Each structure stands twice: as structure tokens, then as C-alpha cells.
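Tertiary structure, described
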Amino acid sequence: MSTHIGAKPGEIAERVLMPGDPLRAKWIAETYLEDAKCYSTVRGMLGFTGRYQGVEVSVQGSGMGMPSASIYAHELINEYGVKTLIRVGSCGALTEELKLRDVIAASGSSTDSNMNRMRFDGLIDYAPVADFGLLRTSVDVAERRGIPVRVGPILAADAFYTDRPDLYDTLADYGVLAVEMESAALYTIAARFRCRALTLLTVSDHIKTGEKTTAQEREQTFGQMVEIALDTAIA
Ligand SMILES: O=P(O)(O)O[C@H]1O[C@H](CO)[C@@H](O)[C@H]1O
Ligand SMILES: O=c1cc[nH]c(=O)[nH]1
């Protein structure tokens, strides 16, 4: 096992879906994977491997925020040989062009996190981006399934609760669609270790209208996003 994942070598597939919520990981495994087996319960951050349309796929909870997600992405890639990571998360919409439950494919991820400033010595504003092949496949897959997907940039924020909602409006003026808390770190780590990463999101909250889904809905009802992620993972 690695420091934070209790799997033996070979128990994790090369393709991994990564929700923040470990119970969403359980729901995905139980709903979509054949012969799903739990390979890790360390810290309650559940991980499962099973088969989707005959292909081995794993689902690993990553926790909330970039420090937590970075640990799982790093260990999955460097200790378990994972090559493809697709985050399946919830997000807050920053623009009224989006509504609750819309699905987003995040082409790029701005961030207020200091993690990359440290990485690049404060000298470069690195631009974390999705793997183009995965992004393109996800759009094709969604089209085939008849699921509308909005492709565009998002914000990966350190804080869920902000004192600066005005910055969200400014970002929306620059085309940023939504806010979540992991994608910039995921894209950066995947680039660093030459893996492929994509973030798919479902709008769980609307920052402009105040509408929101329940915790149970965030855990168990974002099926369209998961179906796009699984089809993309095995393509
Ligand atoms: O639903 P998940 O994947 O956890 O994603 C979003 O939800 C959490 C905040 O509620 C953060 O992790 C954010 O990125
Ligand atoms: O990070 C997140 C996730 C969902 N909704 C938000 O407002 N922020």
C-alpha cells in the first residue's frame, strides 16, 4: 500500500475516476461497475476497482481541496501506475448561462492556490489545462449520448466560503464558468508526471441564484457526468 491508499500492487486500474466525495465513489462503483471490489478504506477515502463494459476501471475518492486531491493523484500515478485520471466533481456556477445540474468539461483551471506559486518560485503563472485528447473524447461521448456539455475554464479555489464574491463576478466577466476546489492541482500533477487528466463537473450550486442540490443528490444523482467520464475513460 502507499501512504494514503490501502491497495496492493495491481489492484488499481490504469484508468481512475476521482470524485471528491468517497461516498460518491462508492455509489459510482455500485451503480456502474461489474464485480466492484473495495481496495482501500484508509481514512474513509474509499477506492474501488471493477469493470465497465469489460474494461478495468477504478474509482477513488480524493477529499476536498487541492492538498488532499494532490496526495491521491500523486500516489495513484507514482505508486500505482495510473495513466488516466478523470475527476467527477460538483461545482458552483458563476454565470446565469448555466443552471443546476448542467455538466461542464473544464478546459483550463485558474486558481487562487499558492501551490503552483511555490512550484514555480512565484515567477510563472502556470496555466493548468485538461488533456486535449480526453477533453475531445468527452465532448464526442456526450454528443453521442445526447447530453449537453459546456466546455470552458473554471476556478479551483482554496476556500469553499469566500469573503470576495466580487472576484467571482470578475472571473465570470472573463468567461470562467464555475468554481470547484481540485482541478488546478490535478492538471498540474498530471502534466508533471506525463499522465492524462480531465475534470468533469455537475453544477450543484448556483452562486448567482442561490439554488443548491442536497448532500444526498451530490452523492448519488450525477449520473450523466459519470456516464460521460466512464465512456471517456475506456475510449
Ligand atoms: O463534489 P466534489 O468532487 O467534492 O467537489 C466539490 O465539492 C467540494 C465542496 O463542497 C469540493 O471538493 C469541490 O471541489
Ligand atoms: O467548490 C465548490 C463546489 C460546489 N459549489 C461551490 O460553490 N463550490
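Calculation criteria
Residues numbered from 1 in each chain as written. Chains lettered and ligands numbered in written order. Predicted model: local features only at pLDDT ≥ 70, side-chain atom pairs only at ≥ 80, totals over all residues. Heavy atoms only, no water. UniProt positions renumbered as here; feature names shortened; annotations may be inferred. Core = buried A, V, L, I, M, F, W, Y, C linked by side-chain atoms within 4.5 Å. Buried < 20%, exposed > 50% of the residue type's maximum accessible area, 1.4 Å probe, protein only. Contact = heavy atoms within 4.5 Å. Near = heavy atom within 4 Å. Polar contact = N/O pair within 3.5 Å; in protein donor to acceptor, adjacent residues only side chain to side chain. Areas by Shrake-Rupley, 256 points an atom, 1.4 Å probe, with all protein chains shown as cover. Helix = DSSP H or I, 4+ residues; strand = E, 2+ residues; numbered from the N terminus. Nonpolar A, V, L, I, M, F, W, Y, C, P; charged D, E, K, R; others polar. Pairing = 2+ DSSP bridges. Salt bridge = Lys/Arg side-chain N within 4 Å of Asp/Glu carboxyl O.

The name given to the chain in an unreviewed UniProt entry is Uridine phosphorylase, and the organism recorded there is Micromonospora pattaloongensis. Quoted verbatim from the Catalytic activity (unreviewed entry) field of the UniProt record, the comment on the chain reads "uridine + phosphate = alpha-D-ribose 1-phosphate + uracil".

1. Some points on the nonpolar core
Residues I12, L17, L76, L85 and I104 are the most contacted members of the largest nonpolar core, which totals 62 residues. Apart from residues no more than four positions distant in its own chain, L85 is found in contact with V16, M18, A73, L76, I77, L134, L186, R196, A197 and L198. By size, the runner-up hydrophobic cluster in this structure holds 6 residues, among which are L94, A157, Y168 and V179.

2. A few points about the site of ligand 1
G20, D21, R24, M64, R87, G89, S90, F160, E180, M181 and E182 make up every residue found near ligand 1. Contact distances for ligand 1 include 2.7 Å between an oxygen atom and a side-chain N or O atom of R24. For ligand 1, an oxygen atom lies 2.5 Å from a polar atom in the side chain of E182. Starting from 340 Å² of accessible surface for ligand 1 in isolation, the protein chains cover 89%. Per element, the largest residue contribution to the shell around ligand 1 is 3 residues, and it comes from strand β5 (residues 84-93). Across the shell around ligand 1, the residue classes break down as 3 nonpolar, 3 polar and 5 charged.

3. Remarks on the site of ligand 2
In the region of ligand 2, the neighbouring residues are S90, C91, G92, F160, V179, E180, M181, S204, D205 and I207. One of the backbone N or O atoms of G92 is found 3.2 Å from a nitrogen atom in ligand 2. For ligand 2, a nitrogen atom lies 2.7 Å from a polar atom in the side chain of D205. Computed on the free molecule, ligand 2 has an accessible area of 240 Å², of which 91% lies beneath the protein chains in the complex. For the shell around ligand 2, the elements supplying multiple residues, two or more each, are β5, β8 (178-180) and β9 (196-206). Broken down by element, the residue count for the shell around ligand 2 peaks at 3 residues, all from β5. The residue inventory of the shell around ligand 2, partitioned by class, reads 5 nonpolar, 3 polar and 2 charged.

4. Brief notes about the pairing of strand β6 (residues 103-111)
Pairing between β6 and strand β7 (residues 149-156): 7 bridges, direction parallel. Counted as the bridge partner of A106 is G152 from β7.

5. As for the pattern of salt bridges
The full count for this structure, using the stated rule, is 14 salt bridges. Two residues, D231 and R145, come together in a salt bridge whose shortest N-O distance is 2.6 Å. Here the residue D231 occupies a position in helix α8 (residues 223-234), and R145 occupies one in helix α4 (residues 132-145), the gap between them amounting to 86 residues. For R145, a relative accessible area of 36% corresponds to the partly exposed category. Note that R164 is salt-bridged to D166, the shortest N-O span being 2.9 Å. Since its relative accessible area comes to 35%, D166 is described here as partly exposed.

6. Points about unusual backbone geometry
Residues other than glycine seldom take positive phi values, yet R43 does so here, at roughly 60°. Its location among the elements puts R43 in the loop between β2 (34-40) and β3 (47-52). Non-glycine residue R194 carries a positive phi angle of around 55°. Owing to a relative accessible area of 73%, R194 belongs among the exposed residues under this scheme.

7. Description of helix α1 (residues 22-32)
Considered for burial, the residues of α1 that qualify are P22, R24, A25, W27, I28, A29 and Y32. The N-capping residue of α1, defined by a side-chain oxygen 2.8 Å from the backbone nitrogen of L23, is D21.

8. Notes on the side chain of S183
As for its position among the elements, S183 is in helix α6 (residues 183-192). Take S183: its relative accessible area is 0%, and that puts it in the buried class. A polar atom in the side chain of S183 sits 2.7 Å from the side chain of S109.

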